[in-house]
Amino acid sequence: MSTTVHLRHYRADDEEAAIALWERTWQQAYPSIDFAARVAWWRKRWRTELVQQATIIVADEAGTLVGFVTVDKGGYLDQLVAAPERWGSDVARRLLDEAKRLSPSGITLLVNKDNARAIRFYERNGFVHAGDDVNPTSGRPVLKMAWKA
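Here is a short report on the structure shown in this document.

How each quantity is defined
- Each chain has its residues counted from 1, following the order in which its sequence is written.
- Only residues with pLDDT of at least 70 get local features here, since the model is predicted, and only at 80 or more are side-chain atom pairs given and counted; chain-wide, interface and lining totals rely on the full set of residues.
- Side-chain metrics in this entry use all non-hydrogen atoms of the structure; hydrogen atoms and water are not considered.
- Working definition: helices are DSSP H or I runs of at least four residues, strands are E runs of at least two. Numbering for both runs from the N terminus.
- This radius of gyration counts C-alpha atoms alone. The globule rule is 2.2 Å times how many residues there are, raised to the power 0.38.
- Working definition: with a 1.4 Å probe on protein chains only, accessible area under 20% of the residue-type maximum means buried, over 50% means exposed, and in between means partly exposed.
- Contact definition: two residues touch when any of their heavy atoms are within 4.5 Å.
- In short, Shrake-Rupley with a 1.4 Å probe defines the accessible areas, and a residue's cover is counted only from the protein chains shown.
- Only one rule defines a salt bridge in this text: a Lys or Arg side-chain nitrogen within 4 Å of an Asp or Glu carboxyl oxygen.
- Two strands pair if DSSP finds at least two bridges between them.
- Comment: axis = line fitted to C-alpha atoms, over the contacting stretch for helices; angle = value between 0 and 180 degrees taken between N-to-C directions.
- We place a 1 Å grid over just the protein atoms. Points where a 1.4 Å probe fits but has no way out form a cavity, open points with protein on both sides within 12 Å along at least 5 of 7 lines form a pocket, and any residue with an atom within 4 Å of a point lines it.
- Grid points are joined across faces, edges and corners, and a volume is the space filled by probe spheres set on the points.
- Three residue categories are used. Nonpolar comprises Ala, Val, Leu, Ile, Met, Phe, Trp, Tyr, Cys and Pro, charged comprises Asp, Glu, Lys and Arg, and polar comprises the others, including Gly.

### Concerning the overall build of the chain
(1) Moving on: When its secondary structure is counted, the chain shows four helices and seven strands.
(2) Moving on: Scaling as 2.2 N^0.38, a compact globule of 149 residues should have a C-alpha radius of gyration of about 15 Å, and the chain matches this with 15 Å.
(3) Moving on: A total of 149 residues make up the chain; the buried ones form 45% of that total.
(4) Moving on: Pairs at least 24 residues apart make up 58% of the contacts formed inside the chain by residues separated by at least 6 positions.
(5) Moving on: Of the accessible surface of the chain, which amounts to about 8,100 Å², a share of 51% is contributed by carbon and sulfur atoms.

### Notes on the pattern of salt bridges
(1) Moving on: Summed over all chains, the structure comprises 15 salt bridges.
(2) Moving on: Between Asp-14 and Arg-8 there is a salt bridge whose closest N-O contact spans 2.8 Å. The same class applies to Asp-14 and to Arg-8, which are both buried.
(3) Moving on: For the salt bridge of Asp-132 with Lys-113, the shortest nitrogen-to-oxygen distance reads 3.0 Å.

### Some remarks on the sheet that holds strand β6 (residues 128-134)
(1) Moving on: The strand order across the open sheet formed by three strands is β5-β7-β6, and the pairing between neighbours is antiparallel. At either margin of the open sheet sits one strand with a lone partner, and together these are β5 (107-112) and β6. Across this sheet, the average inter-strand angle for adjacent strands is 30°, counted without regard to direction.
(2) Moving on: Two elements, β5 and strand β7 (residues 141-147), share six bridges in a ladder whose sense is antiparallel.

### Structural notes on the pairing of strand β3 (residues 64-72)
(1) Moving on: Taking burial as the measure, the nine residues of β3 include seven buried ones, the bulk of the element.
(2) Moving on: One ladder, built from eight bridges, connects strand β2 (residues 54-61) with β3; its direction is antiparallel. Bridge pairing in β3 links Ile-56 to Thr-70.
(3) Moving on: In terms of strand pairing, β3 meets strand β4 (residues 77-82) through five bridges, oriented antiparallel. Each residue of the ladder has a partner; that of Phe-68, found in β4, is Val-81.

### Remarks on the side chain of Glu-98
(1) Moving on: Among the secondary structure elements, Glu-98 is positioned in helix α3 (residues 91-102).
(2) Moving on: In this structure Glu-98 touches Leu-7 and Ile-57, once residues within four positions along its chain are discounted.

### Let's talk about the layout of surface pockets
(1) Moving on: Roughly 1,000 Å³ of volume is contained in the largest pocket.
(2) Moving on: Looking at the largest pocket, it is lined by 40 residues, and the ones nearest its centre are Trp-26, Gln-79, Leu-80, Leu-110 and Asn-115.
(3) Moving on: Listed by contribution, the elements that provide at least two residues to the lining of the largest pocket are α1 (15-29), α2 (39-53), β4, α3, β5 and α4 (116-124).
(4) Moving on: Considering every element that reaches the lining of the largest pocket, the biggest residue donor is β4, with six residues.
(5) Moving on: Partitioned by chemical class, the residues of the lining of the largest pocket number 23 nonpolar, ten polar and seven charged.

Geometry only, nothing functional implied.
Structure below.
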């Protein structure tokens, strides 16, 4: 029996699951980085920046968070996270479609240049390269990508 993934607005009681999902997903994407050591930093950033300044939509499957997206009023998408076991499913696309609906005038984001799978995903979903940058936290080279309706 398969269950349906529902998109809904983030609630305060989603915090622990969202942070654990962020850690697990990024650890899978970049196994050489110790994301467990970054959880305190991420929790602070989550609470003081993202929850305060962005709309957060979560993908919920039978009470389990399997993804989330954050997009602020200016159309900046800071995080699009899908559980590793959902990579290749429609969870990330549905979350991205919801971000587009919330920000119909356009979206910008930064993606690590070495994350080819994510870059291909954004390109397939209408994003174009809009410049190069460096992540101020990690120092990693990133691509700025943009989508316009």
